[in-house]
Structure formats: structure tokens, C-alpha cells
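In case you want the letters, here they are:
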Amino acid sequence: MTYELYYWDGIPGRGEFVRLALEQAGADYADVARNDGGMARMMAIMKTMMGGVTPFAPPFLKDGELVVSHAANILLYLGSRLGLAPEDEAGRITAHGLQLSITDFVAEIHDVHHPIGVSLYYEDQNDEARRRSENFREERLPKFLGYFERQLRKNGQGQVHALGATLTYVDLSLFHLIEGLRYAFPAAMTAVEPDYPLLVALNAQVRELPRIKAYLASARRLAFNEQGIFRYYPELDRR
Ligand SMILES: N[C@@H](CCC(=O)N[C@@H](CS)C(=O)NCC(=O)O)C(=O)O
């Protein structure tokens, strides 16, 4: 059965965390909204009761009749099916906890450029965004990156992994976090990266995985831009 991923076309966004897992597993999937008529199908599902619920927002995954919403929840569902999660229940729940911390971090990264309102233009909340970016760079960025770096160090099993001795979807998501932060905050990241050698090493390791490497070079991989979560506004980066 082909997995159907539903996410806005044109931005990597939160859909990318799911795409990376599907790509690394070599899974059969359709990126529905990027195909002809796909946006209409996505909007129709968001208006329809399926399997007892209607998803609040993309990304969501359809596997047969089951609709799974929220990036972290989708990864919890796919992780064991794709061989990208710990085998024991305790490990799977721990991986889910780490992924939920990534979810929290992603929301804060988004709120740097939209601190007042999701539906307002960036230009209409620019002063607040500048103020928010200072706090983000000084406090939240090091707090989250330090947390994930300590997790990689504590796990410490040969190759760099968030959990156990093998690759999980959490490693793929941490790869993408570093990619996005480098795009959005190039000066700040250049300054702080020496403090996070394991996150940097994990990023380099994931980039070289043959399937991820092929995916990154393909047209399936969308470039970061100023419509998504990770946006580059020079005035919000370190000066
Ligand atoms: N907790 C959800 C958040 C989903 C979400 O915020 N999706 C965004 C796009 S990345 C959206 O379409 N939001 C519409 C809205 O909040 O009204 C997840 O992690 O997947």
C-alpha cells in the first residue's frame, strides 16, 4: 500500500520531517499535494470526517483508511513500520518524547518571525520579531541545542545517534533542524556550532546516507524559502 503524505506544496515545512523518514526507508509514498489535483484532495480531507477525526492542519498521513496527523505522531506510527524506531516500547516512547521536544523547538523557531500572529504578515510584526529573535538566539537556541547535544553524548554508542546504536527518525529530524537553522540563522549558527560537535557530526553523517544523499540531490527535496518555518531574514540573525 502506498503511504499518502499530505502537506502544503512549495515549502519543506513540517512535512519534511516525515519525508526524510519515508525517503531513508525507501518507502512507497505519494506527496499528494504536489501532484495534479492534490491540493484539492488535501483540502477535501480537511473538511471531511475520516476515521473519526478531521486533521486540524497538515502534515497528515493516510495509510489506507487511517489518517494520522501531527508530524511527531506520524513518525511514531511510521517509525516501527519503516525500521526507524527502537524495537522496545520504552525506546519507542523515549523517541517520541525527543520528537515532541523537536516539535516544541520548531514552534519556537516559527514564532521568531511570527511572534504576534500566524495570520499577520511578517512586515507587520517586524519590531516584535527582532526582539523575539534576540531572546531566541541568546536563550532558547542554546537551551534546545544543548539539550539535544547532551542526549547524543549520553547515548554515546559508537556512531552518533540520539537513541541506541542504530539510526532512528529522531536522528533524521535532528539533521533537518540543523539544516534549517543554518539557513535561517547563518551567522548565529556559525558562532555556536563549535559548542555542539555531536549535532554537527550527526548532520554530516545523515547527509552521507546513500538514500538521503540521493533525495537531497533530487527534485523531491524542496529548498528553504521565506514562506516556511525556517526563514532567512538578515535582521533576525546575529549581527
Ligand atoms: N503540531 C502540528 C502542527 C501543524 C501545523 O502547524 N501545520 C501548519 C503548517 S507547518 C499549518 O498548516 N497550520 C495551519 C494553522 O495553524 O492554521 C505538527 O507538528 O504537525
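These notes cover the structure that comes with them.

Criteria and thresholds
- Residues numbered from 1 in each chain as written.
- Predicted model: local features only at pLDDT ≥ 70, side-chain atom pairs only at ≥ 80, totals over all residues.
- Heavy atoms only, no water.
- Near = heavy atom within 4 Å.
- Polar contact = N/O pair within 3.5 Å; in protein donor to acceptor, adjacent residues only side chain to side chain.
- Areas by Shrake-Rupley, 256 points an atom, 1.4 Å probe, with all protein chains shown as cover.
- Nonpolar A, V, L, I, M, F, W, Y, C, P; charged D, E, K, R; others polar.
- Pairing = 2+ DSSP bridges.
- Helix = DSSP H or I, 4+ residues; strand = E, 2+ residues; numbered from the N terminus.
- Axes fitted to C-alpha atoms, helices over the stretch in contact; angles between N-to-C directions.
- Contact = heavy atoms within 4.5 Å.
- Parallel < 35°, antiparallel > 145°, perpendicular 65-115°, else oblique.

Considerations on the site of the ligand
Looking at the ligand, the residues that line it are Tyr7, Trp8, Arg14, Phe56, Ala57, Pro58, Pro59, His70, Ala71 and Thr103. Side-chain polar atom of Trp8 to an oxygen atom of the ligand: 2.8 Å apart, as the coordinates give it. At 3.3 Å, a side-chain N or O of Arg14 approaches an oxygen atom of the ligand. Burial of the ligand by the protein chains amounts to 68% of its free accessible area of 510 Å². The residue makeup of the shell around the ligand, split by class, is seven nonpolar, two polar and one charged.

Examining the sheet that holds strand β1 (residues 3-6)
Read from one edge of the open sheet, four strands run β2-β1-β3-β4, paired in mixed fashion. Because the sheet does not close on itself, it has two edges, and the strands there are β2 (29-31) and β4 (66-69). Within this sheet the neighbouring strands show an average axis-to-axis angle of 20°, counted without direction. As defined by bridge partners, strand β3 (residues 60-63) adjoins β4 across four bridges and the pair is classed as antiparallel. Residue pairing in the sheet places Phe60 in a bridge with Ser69 of β4. Strands β1 and β2 of the sheet are contacted by helix α1 (residues 15-25), whose axis makes an angle of about 155° with β1.

Here's the deal with the packing of helix α6 (residues 169-184) against helix α8 (residues 197-207)
At their nearest, the axes of α6 and α8 sit 9 Å apart, and the two run at 105° to each other. The angle between the axes of α6 and α8 places the two elements in the roughly perpendicular class. Contact residues: Asp171, Leu172, Leu174, Phe175, Ile178, Glu179 and Arg182 in α6; Leu199, Val200, Leu202, Asn203, Val206 and Arg207 in α8. Here the residues of the contact of α6 with α8 are counted per class, giving eight nonpolar, one polar and four charged.

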